[in-house]
Amino acid sequence: MKRKVWLIAGTIEGRKIADALAAMQVDVYVSVATAYGASLYPENPYIHVLTKRMNLEDMCLFMQETQPELVIDSTHPYAVVVTETVQEACRRTGIPYKRMLRPASSHPGCIAVKDFAEAIEILSNTEGPVFLTTGSKNLADFTRLPHYADRITCRILPLPDSLDNALSLGYRPGQIICMQGPFSKDLNIAMFRRSGAKYVVTKDSGKAGGFQDKLEAAAEVGARLILIDRNPETGEDLQQVLDELKERFESART
């Protein structure tokens, strides 16, 4: 009987987990949010990529139909709603759940805030250019910042929807950077300097997501880093998950 895993992806680690499972001849169903995310996975008879966004009912139905023996959540640490929904779906269906979580980073010298609203409140009492590294999802929130179009440079994914969203909200074309990360320290420095950034807004995306490079680059150019803090949660790092999968699936084949 075929062994199956459902992997909710969206991170670099998710691709590594999918590759490892495929190498062990496990059918892995990979859920991603966009066609761009799907394009990052190689053609492989054991990797089945799904781009449909699912609500709780969709997830329960999918698991009942597919019958994976394990669900692995490797979403971004800030994809809180997705994680909570997957956890509830696993509780309802009785299918084991495993959370792959990037370790949190130390962030000396950062201004830590609980959410975007607090970041905007702090920035409203400052002057000088702002560099957003938090993607396109929350660009609408930052339109509440006085003179946002003059102050903000935003870095977003190179997707038509992301660019259209930024332009429709009034962000200036010359202050929109469309690139796929993570970014090196030197590239961050060049971008921060080019924008004249006095403040950099970011999330704790962990080492794999380039957080340390952003932290060091901001310090190099003299910009203050405003960090949207994580919601507390527990999980295992990538290596722990890979080791457990190897023990679970390879031992069964020998």
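These lines cover the structure that appears in this document, whether it is placed above or below. (Residues numbered from 1 in each chain as written. Predicted model: local features only at pLDDT ≥ 70, side-chain atom pairs only at ≥ 80, totals over all residues. Heavy atoms only, no water.)

## Observations regarding the environment of E233
For step 1, the next point in the chain: Along the polypeptide, E233 turns up in the loop between β11 (224–228) and α11 (238–253).
For step 2, the next point in the chain: By relative accessible area, which is 29% here, E233 ends up partly exposed.
For step 3, the next point in the chain: With 121 residues separating them along the chain, E233 and A112 place their C-alpha atoms 17 Å apart.
For step 4, the next point in the chain: Sequence-distant contacts of E233, that is, excluding residues within four places in its chain, are made with P77, T83, R99 and L101. (Helix = DSSP H or I, 4+ residues; strand = E, 2+ residues; numbered from the N terminus. Buried < 20%, exposed > 50% of the residue type's maximum accessible area, 1.4 Å probe, protein only. Contact = heavy atoms within 4.5 Å.)

## A few points about the packing of helix α3 (residues 56–66) against helix α4 (residues 80–93)
Axes are the key here: two packed helices are described by the angle between their axes and the distance separating the axes.
For step 1, the next point in the chain: Packing of α3 against α4 brings their axes to within 9 Å, and their N-to-C directions diverge by 45°. Between α3 and α4, the interaxial angle falls into the category oblique. For the crossing formed where α3 meets α4, the hand is right-handed. Taking contact as the criterion, the partners of L56, E57, M59, C60, M63 and Q64 in α3 are, on α4, T85, V86, E88, A89, C90, R92 and T93.
For step 2, the next point in the chain: Here the contact of α3 with α4 is built from residues that sort into seven nonpolar, three polar and three charged. (Axes fitted to C-alpha atoms, helices over the stretch in contact; angles between N-to-C directions. Parallel < 35°, antiparallel > 145°, perpendicular 65-115°, else oblique. Left-handed = near helix turned anticlockwise from the far one by under 90°. Nonpolar A, V, L, I, M, F, W, Y, C, P; charged D, E, K, R; others polar.)

## Describing the pairing of strand β8 (residues 152–156)
For step 1, the next point in the chain: Burial runs high along β8: five of the five residues are buried.
For step 2, the next point in the chain: Residues I152, C154 and I156 of β8 are buried on one face, and the alternating residues T153 and R155, pointing to the opposite face, are buried as well.
For step 3, the next point in the chain: In this structure, strand β7 (residues 130–132) lies alongside β8, joined through three bridges in parallel fashion. Residue pairing for β8: F131 is matched across the bridge by T153.
For step 4, the next point in the chain: Taken together, the three bridges between β8 and strand β9 (residues 176–178) define a ladder with parallel strand orientation. Looking at the pairing, R155 lines up with I177 of β9.
For step 5, the next point in the chain: Crossover connection from β8 via helix α8 (residues 160–168) to parallel β9: handedness right-handed. (Pairing = 2+ DSSP bridges. Right-handed = clockwise from strand over helix to strand, strands pointing away.)

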